[in-house]
Amino acid sequence: MINLLKFTANIVLVIFLSFKLNAAVINEISIKGNQRISNETIKVYGGFNLNENIDENKINEILNNLYSTNFFENVEVKETNGLLQITVEEYPVVNQLLIEGEPSKRIREKIENLISTKQKQSFIKSFISQDINLIKNLYSSIGYNFTNIDVSIKEVDQKNFDVLLKIDKGEITKISSINFLGDKKIRNNRLRNIIASEKDQFWKFLSKNTRFSKNLVDLDIRLLNNYYKSLGFYDVQITSNSAELNEKRNIDLVYTINAGNRYRINKISTNVDKTFDKEIFLPLNKIYKEVIGEYHSPFKIKNLLEEVDSIIEKNNLQFVEHNVQETIGENSISVVFNIFEGEKILIERINIVGNNVTNEDVVRGELILDEGDPFTKLSLEKSISQIKSRNIFQDVNYEIIDGSKDNLKVVNISVKEQPTGEISAGAGIGTNGGSFAINISENNWLGKGTRVNFEVEVDEESVGGTLNFTDPNYDFLGNSINYYISSENNDKPNQGFENTIVSSGINTSFEQYKNIFTKLGFNVTYDDLRTDGSASDSLKKQSGEFTELAGIYGFNFDGRDRSFMPTKGSIFGFEQTLPFYADKSYISNTITYSKYNSFSENIVGAGKIYLSAINGMNNDDVRISKRKNISTRRLRGFEKGKIGPKDGKDHVGGNYAAALSLEANLPNLLPENTRTDVSLFLDFGNVWGVDYDSSIDESNKLRSSTGVAASWSSPLGPMTFILSTNLSKASTDETESFNFNLGTTF
């Protein structure tokens, strides 16, 4: 027994002495071979200093640290009797980096920021091939898929090299056609409206979406996936076979789709960890009943998860996690929400990288968790989603690493920026005349995350322009604020008047409650009305200059299943305008309501109500530019602005306007190769009321029409046709039994 104890003691002593012998202390440091990089810089990057312990692990750490700087081609580290000897061989330097063949300064700067080879930094030959691939990927993302890059390297001396990049970007690869194959279950015409890619046409010279790129194809696939899954096609599969070049070296884009089965939700339940009081989550059962029986959609599941989060927040529950468990049956899906207690971990630090243009506070302003907060994967995922929704980053990723203590985590968020400017134009021609519009927008102005938009629109009787500036997260409160200035000139010689309207304003909007959005604002307007001898006497009395300062408020309740092509739900809106000061004071109110319902895959119904009124105050008459009319989209079968009260030969609009539209969209009525959607409609409307002249007929009569509308994806762009017949009208109304419009974007 004594011998065993002696043996054990000897082993411990040997291990202790070995550790002491291997873990020496740095008493002296010798650094050789460095010319550009100072000793102090090497110490800082290497992570060592005097009086620190040194062993094999520390030596390997120093080697890794120094190599990772990309300053040194070779590094040698040795320790002898407390002397730390470091010998380095520095990389040569890029004396000049020259880029030829790219005329755009913006693209050249983007290349310089993208590649690893940089002027006045280390010249590393292995980086060259990586940089060539990065540059080719950059050009491919903007439609140049056959870019050639020649690299010339000139030795100035042993320590300096000039690098010349000769770029031949070639021709832009255009999209010649877009086709959908397979068991897609949805018409091509509808799918073309979903994706971002567009077929190249000669007038689409401004559109970047006619250029083939892998990024655009990936976006199309995501959009198609989301659309199919929102309709209940849970296991849809979408692939792209887009490598075929035609004779013009352009791309015929083909998407192969297997929609699979369409699933309904047959059961929803909540599995609550025993740590929590199950009674808290019982109100969810009522919400579940509203969803059971409907087609499965990720958006519906997301809405339900938000209800769960609302209960968690309301009851101030900490460190709560949840996930979704879905079980697929033959044609149905059962859903279980698992709610459980997560690890009790705090966030020590959040690091953000990759934002070379965007200010860091723009990214942090979208985070719903902060340093020192309880860490949950749920809050992090939501934060990432909010960052992505700003539409200023191509990609957003995160990494979770251990913090300085066991109960701390560090979150690294990596963003990849993308071009945020866009220019587009559109034109239309129809029975009501032609129009042209151009729009220039920037979604990340000066890297501050603000949106700037300038738009000009011209038609036969008017020209107008608007400049908008929007901060979507003002002062990091989650509310948007918008500033605008606009000018519009209307020239109507047939009615004997011309007016110019200049306005400027500020407004804010925010989600007050779930799906309830509030709008507040005010504007200043200047209205200059000029008449000639052909104008009516009543209109001449309104001639002159008018100024007003008005407040605006309103709200929307949006209960639709989706904002684009909804099939279920409703949206209700109210808005009121009340001047604080006006040469001609008034109060204006508008109510809108739309209800959607899918009766089957072949019929989608919609009912839309529009009510609007404007009344003068203090015995003032409502000016001609403020009077109400009904759009030809709400009351078809009548000419634009040609219903309601008539002053002499002129339709002057009314104090009141109302419309009811009933529509039935028949997406599968015609064969798919016609590329035409058909709908039936029944419209009712009325424009009435004249406050400035009691001798004019108020024209208070119900107008109505019915007919068929067709939307055709023609080779020249989307074309709409409306055939209608009037069921009732006033004798002064001017009707229109046929209407067409051709509109497209460039």
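In every chain, residue numbers begin from 1 and rise along the written sequence. Restriction of local features to residues with pLDDT of at least 70 applies here, the model being predicted, together with a cutoff of 80 or more for giving and counting side-chain atom pairs; totals for whole chains, interfaces and linings are based on all residues. The side-chain numbers reported here are obtained from all heavy atoms of the structure, hydrogens and water having been left aside.

Another aspect to go through is empty space enclosed by the protein. Definitions used for this entry: grid spacing 1 Å over protein atoms alone; cavity, a set of points where a 1.4 Å probe fits but cannot get out; pocket, an open set with protein on both sides within 12 Å along at least 5 of 7 lines; lining residue, one with an atom within 4 Å of a point. Grid points are joined across faces, edges and corners, and a volume is the space filled by probe spheres set on the points. The final tally for this structure, using the stated rule, is three cavities of 30 Å³ or more. What the largest cavity holds in volume is close to 70 Å³. Thr-632, Leu-635, Arg-636, Gly-637, Phe-638, Ile-722, Ser-724, Glu-736, Ser-737, Phe-738 and Asn-739 are the residues that line the largest cavity. For the lining of the largest cavity, the per-class residue count stands at four nonpolar, five polar and two charged. Each pocket or cavity is described by its volume, and for the second largest cavity that value is around 50 Å³. Throughout this entry, Asp, Glu, Lys and Arg are counted as charged residues, while Ala, Val, Leu, Ile, Met, Phe, Trp, Tyr, Cys and Pro are counted as nonpolar. The remaining residues, Gly among them, count as polar. For the lining of the second largest cavity, the class distribution of residues is four nonpolar, four polar and three charged.

The next thing to look at is the packing of helix 4 (residues 105–114) against helix 5 (residues 125–141). Between the N-to-C directions of two axes lies an angle of 0 to 180 degrees, each axis being a line fitted to C-alpha atoms and, for a helix, fitted only over the stretch in contact. Secondary structure elements are taken from DSSP: a helix is a run of H or I of four residues or more, a strand is a run of E of two residues or more, and numbering for both begins at the N terminus. Contact geometry of helix 4 with helix 5 gives a least axis separation of 10 Å together with a crossing angle of 140°. Comparing the axis directions of helix 4 and helix 5 gives the class oblique. Where helix 4 crosses over helix 5, the handedness of that crossing is right-handed. Note on element contacts: helix 5 touches helix 4 through Leu-134, Ile-135, Leu-138 and Tyr-139, opposite Ile-107, Lys-110, Ile-111 and Leu-114. Looking at the contact of helix 4 with helix 5 residue by residue, the classes come out as seven nonpolar, no polar and one charged. Roughly parallel means an angle under 35 degrees; roughly antiparallel, over 145; roughly perpendicular, 65 to 115; everything else is oblique. Helix crossings get a hand from a simple test, with the near helix turned counterclockwise from the far one by less than a right angle marking a left-handed crossing and a clockwise turn marking a right-handed one. In this analysis, two residues are considered to be in contact whenever any of their non-hydrogen atoms come within 4.5 Å of each other.

Between helix 8 (residues 284–291) and helix 9 (residues 298–314), the shortest axis-to-axis distance is 11 Å and the interhelical angle comes to 170°. The orientation of helix 8 with respect to helix 9, classified from their angle, is roughly antiparallel. Counting all contacts with helix 8, which are made through Leu-284, Ile-287, Tyr-288 and Val-291, the residues of helix 9 involved are Lys-300, Leu-304, Glu-307, Val-308 and Ile-311. Looking at the contact of helix 8 with helix 9, its residues break down into seven nonpolar, no polar and two charged.

The span expected for a helix works out to 1.5 Å for each residue beyond the first. The end-to-end C-alpha distance of helix 3 (residues 56–67), which contains twelve residues, comes to 17 Å, matching closely the 16 Å that a straight helix rising 1.5 Å per residue would cover. All of the buried residues along helix 3 are Lys-58, Ile-59, Ile-62, Leu-63 and Leu-66. Along the axis of helix 3, the buried positions cluster into a sector of 145°, meaning they face one direction only. Residues of helix 3 that are exposed and angled more than 90 degrees away from the buried face: Glu-56, Asn-57 and Asn-64. Where helix 3 is buried, its residues contact helix 2 (39–46), strand 3 (53–54), strand 4 (72–80) and strand 5 (83–90). The opening residue of helix 3 is Asp-55, an N-cap whose side-chain oxygen sits 3.3 Å from the backbone nitrogen of Asn-57. Exposed residues in this analysis have more than 50% of their type's maximum accessible area, buried residues have under 20%, and partly exposed residues fall in between, with area computed by a 1.4 Å probe over protein chains only. Our arc is simply the arc of the directions from the helix axis toward the C-beta atoms. Throughout this description, a polar contact denotes any pair of N or O atoms lying within 3.5 Å of each other; where both atoms belong to protein, one of them has to be capable of donating a hydrogen while the other can accept it, and for residues adjacent in sequence the pair is counted only when both atoms sit in side chains.

The rule for a salt bridge is simple: a side-chain nitrogen of Lys or Arg has to be within 4 Å of a carboxyl oxygen of Asp or Glu. Considering all chains together, one arrives at 26 salt bridges under this definition. Of the charged contacts in the structure, one is a salt bridge between Glu-294 and Lys-300, with a shortest N-O distance of 3.2 Å. Residue classification places Glu-294 among the buried residues on the basis of a relative accessible area of 16%. Taking the shortest distance from any N to any O, the salt bridge between Asp-309 and Lys-382 comes out at 2.3 Å. Taken together, the positions of Asp-309 in helix 9 and Lys-382 in helix 11 (residues 377–389) put the pair 73 residues apart, joining distant regions of the chain. Residue Asp-309 is classed as buried on the basis of its relative accessible area of 10%. One network of salt bridges, with partners in common, ties together Asp-527, Glu-548, Arg-623 and Lys-626.

Attention now moves to the layout of surface pockets. Size it by volume and the second largest pocket reaches roughly 310 Å³. Lining the second largest pocket, in full, are Asn-193, Ile-194, Leu-223, Asn-226, Tyr-227, Ser-230, Phe-299, Asp-561, Arg-562, Ser-563 and Phe-564. Secondary-structure elements contributing two or more residues to the lining of the second largest pocket are helix 6 (188–194) and helix 7 (214–230). Of the residues assigned to the lining of the second largest pocket, the class counts are five nonpolar, four polar and two charged.

Quick look at the sheet that holds strand 17 (residues 408–417) now. Strand order across the open sheet formed by three strands is 15-17-16, with mixed pairing between neighbours. Each edge of the open sheet carries a strand with a single partner, namely strand 15 (346–353) and strand 16 (393–402). For this sheet the average axis-to-axis angle between neighbouring strands, irrespective of direction, equals 20°. Strand direction decides the pairing type here: strand 15 and strand 17, joined by seven bridges, are parallel. The residue of strand 17 that forms the bridge with Arg-349 is Val-410. Set on the sheet, helix 11 makes contact with strand 16 and strand 17; between it and strand 16 the angle comes to about 160°. Only strands that DSSP links by at least two bridges are regarded as paired with each other.

What follows deals with the packing of aromatic side chains. Note on ring pairs: Phe, Tyr and Trp rings are taken, using the six-membered ring of Trp, and paired if centres are within 6.5 Å. Classes follow the plane angle, with under 30 degrees stacked, over 60 edge-to-face and the rest tilted. For the structure on display, the rule yields 15 aromatic pairs. Each ring, one from Tyr-227 and one from Tyr-228, has its centre 6.4 Å from the other, and the planes form 80°; the classification is edge-to-face. With 6.0 Å between their ring centres and 45° between their planes, Phe-469 and Tyr-483 make a pair best called tilted. With Phe-469 in strand 21 (residues 462–471) and Tyr-483 in strand 22 (residues 480–492), this pair connects stretches of sequence that are 14 residues apart. The class for Phe-469 is partly exposed, based on a relative accessible area of 30%. We classify Tyr-483 as partly exposed; its relative accessible area is 33%. An aromatic cluster of at least three residues, connected via ring pairs, comprises Tyr-553, Phe-555, Phe-572 and Phe-574.

Function cannot be read off these values alone, since they describe shape.
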